[in-house]
Amino acid sequence: MSQHPALAPGRCALVTGAASGLGLAAARAFAGLGMNVWLADLPGEALEAARAEVAAVAAVEVRAVPTDVGDRAAVDALRDAVLAHGGPPAVLMLNAGIEAGGRLFSDLDLWHRILDTNLWGVVNGIGTFVPGMIEAGRPGAVIVTGSKQGITTPPGNTPYNVSKAGVKVVTEALAHDLAGRAGCPVTAHLFIPGFVYTGLTRARGAAEKPEGAWTPEETVAFLLERLGRGDFYILCPDNETTRAQDERRIAWAAGDIIENRPALSRWHPDFAEAFRRHMEG
Ligand SMILES: NC(=O)c1ccc[n+]([C@@H]2O[C@H](COP(=O)([O-])OP(=O)(O)OC[C@H]3O[C@@H](n4cnc5c(N)ncnc54)[C@H](O)[C@@H]3O)[C@@H](O)[C@H]2O)c1
């Protein structure tokens, strides 16, 4: 398997939301490749436990820095700490995210909490770290964790969907900007997990991994393989959804505008039969 050139032994990977789930699995994978790893997550025992877990993978440097990604000053301080230890990261994985049960009519505090973490966390991470990565002139990869819900935007979880739609837009803009800089060896990638058994899915009440879910490790293996191929959209399947099904769902969502259908027609009773036929091809 060819590897993205930024994923090299001795270089550094910084992962946000690294104390659990996909972030922790990615941090373990980067350590396994011989990279030094910075773990950023909210303060607490889980972060220290994650540091010990990643340090046990390989003889690499592993540091854990309590950081709220929605707090720009905290992300700036994280950047200063990373720069003081050998320069900007080779891999920046902006992955911290919450679902938090938000709904369309949730109170503003909850809307802000979700957007501050999921969207501002990404904007803060890009603004704080990427200029230094570009200036360093060495291979770099910015991996941003989005969601299929930011593309097909199903009813329910509206603040989460809004945040992940924003994450998609910001990451596309970043990739386009980087690609337009002559000779810039830094690339950006939108990581779109499927259904993965993590803290986020456990919070929805699943006591053990549902059959349909992938493990974080399977999902990160898929991420690294697609990163090696240079893909921007890293659209992950799982045990219940194939790539072909995702493609049809995305095409239907885009078709709402082109066909002048009602908003979110996939979930509209009048379009149930048409959507079923569309999925059958
Ligand atoms: N699990 C899935 O099925 C799935 C699907 C699509 C996208 N995602 C996305 O994957 C990413 C990782 O989530 P996960 O599924 O591994 O869940 P998880 O809950 O296991 O991990 C998320 C981590 O982010 C941390 N975090 C939350 N708020 C933070 C903040 N303000 N600052 C720093 N860290 C913070 C949490 O403490 C936690 O350790 C999220 O962006 C999520 O939206 C997950």
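Reading the values: rules and limits
- Along each chain, numbering runs from 1 in the same order as the chain's sequence is written.
- Per-residue local features are limited, in this predicted model, to residues with pLDDT of at least 70; the limit for side-chain atom pairs, both in listing and counting, is 80 or more; totals at the level of whole chains, interfaces and linings are taken over all residues.
- By convention in this description, side-chain values take in all heavy atoms of the structure and omit both hydrogens and water.
- One heavy atom within 4 Å of a molecule or strand makes the whole residue count as near it.
- Polar contacts here mean pairs of N or O atoms no more than 3.5 Å apart (in protein, one a potential hydrogen donor and the other a potential acceptor; neighbouring residues in sequence count only if both atoms are side-chain atoms).
- Using the Shrake-Rupley algorithm and a 1.4 Å probe, accessible areas are obtained, with residue cover drawn only from the displayed protein chains.
- Helix numbering and strand numbering both begin at the N terminus, where a helix is a DSSP run of H or I of at least 4 residues and a strand a DSSP run of E of at least 2.
- Under the convention adopted here, Pro, Cys and the residues Ala, Val, Leu, Ile, Met, Phe, Trp and Tyr are nonpolar, Asp, Glu, Lys and Arg are charged, and Gly plus all remaining residues are polar.
- The definitions used throughout rest on a 1 Å grid laid over the protein atoms alone, on which a cavity is an enclosed set of points accommodating a 1.4 Å probe that cannot get out and a pocket is an open set flanked by protein within 12 Å on both sides along at least five of seven lines; lining residues are those having an atom within 4 Å of a point.
- Grid points are joined across faces, edges and corners, and a volume is the space filled by probe spheres set on the points.
- Accessible area is worked out with a 1.4 Å probe on protein chains only. A residue is then buried under 20% of its type maximum, exposed over 50%, and partly exposed in between.
- Criterion used throughout: strands pair if DSSP finds at least two bridges between them.
- Whenever a helix is involved, its axis is fitted only over the stretch in contact; in every case the axis is a line through C-alpha atoms, and angles between N-to-C directions fall within 0 to 180 degrees.
- Contacts were defined at the residue level, with two residues in contact if any of their heavy atoms lie within 4.5 Å.

Novice: Explain the site of the ligand here, please?
Specialist: Neighbouring residues of the ligand: 28 residues in total, closest Ser20, Asp41, Tyr160, Lys164 and Thr198. Between the ligand and asparagine 95, the relevant distance is 2.8 Å, taken from an oxygen atom to a main-chain nitrogen or oxygen of the residue. Within the contact set of the ligand, an oxygen atom lies 2.9 Å away from a backbone nitrogen or oxygen of glycine 199. For the ligand, whose unbound accessible area comes to 820 Å², protein coverage reaches 91%. Mapped onto the shell around the ligand, the elements with two or more residues apiece are helix H1 (21–32), helix H6 (158–179) and helix H7 (199–202). With three residues, the top contributor of residues to the shell around the ligand is H7. Residue composition of the shell around the ligand, grouped by class: eleven nonpolar, 14 polar and three charged.

Novice: What should I look at first to understand empty space enclosed by the protein in this one?
Specialist: Over the atoms rolls a probe the size of a water molecule, and its path tells where empty space is left. Evaluation of the coordinates by the stated rule reveals three cavities of 30 Å³ or more. Looking at the largest cavity, its volume works out to about 40 Å³. Every residue along the wall of the largest cavity is listed here: Thr16, Thr67, Val69, Val75, Leu78, Leu94, Gly121, Gly125 and Phe129. Those elements giving two or more residues to the lining of the largest cavity turn out to be helix H3 (72–84) and helix H4 (108–136). Its residues assigned to classes, the lining of the largest cavity shows five nonpolar, four polar and no charged.

Novice: Would you mind showing me how to read the environment of proline 131 here?
Specialist: Tracing the backbone shows proline 131 in helix H4. Residue class for proline 131 comes out partly exposed when judged on its relative accessible area of 44%. Counting along the chain gives 43 residues from proline 131 to proline 88, while the straight-line C-alpha distance between them is 9.3 Å.

Novice: How should the sheet that holds strand E7 (residues 233–235) be read in this particular structure?
Specialist: Two strands in a sheet stick together by hydrogen bonds in their backbones, pointing the same way (parallel) or opposite ways (antiparallel). Reading across the sheet, the seven strands line up as E3-E2-E1-E4-E5-E6-E7 and stay open at both edges, with parallel pairing between neighbours. A strand with exactly one partner marks an edge of an open sheet, and here the two such strands are strand E3 (62–66) and E7. Geometrically, the sheet is characterised by an average inter-axis angle of 15° between neighbouring strands, direction not taken into account. Pairing between strand E2 (residues 36–41) and E3: five bridges, direction parallel. Paired with valine 37 across the two strands is valine 62, which belongs to E3. Against the sheet, helix H2 (residues 45–55) contacts E2 and E3, and its axis sits at roughly 165° relative to E3. Contacts from H4 reach strand E1 (12–16), strand E4 (91–94), strand E5 (140–145) and strand E6 (186–192) within the one sheet, and its direction differs from that of E4 by about 170°.

Novice: Honestly, the pairing of E4 in this entry has me stumped. Any pointers?
Specialist: Residues in a regular strand point their side chains to alternate faces of the sheet. Taking every second residue as pointing to the same face, both faces of E4 are buried, with Val91 and Met93 on one and Leu92 and Leu94 on the other. Pairing geometry for E1 and E4, over three bridges, is parallel. Paired with valine 15 across the two strands is methionine 93, which belongs to E4. As paired elements, E4 and E5 share four bridges and run parallel to each other. Within E5, the residue paired with leucine 92 across the bridge is valine 142.

The analysis is restricted to geometry; functional conclusions fall outside its scope.
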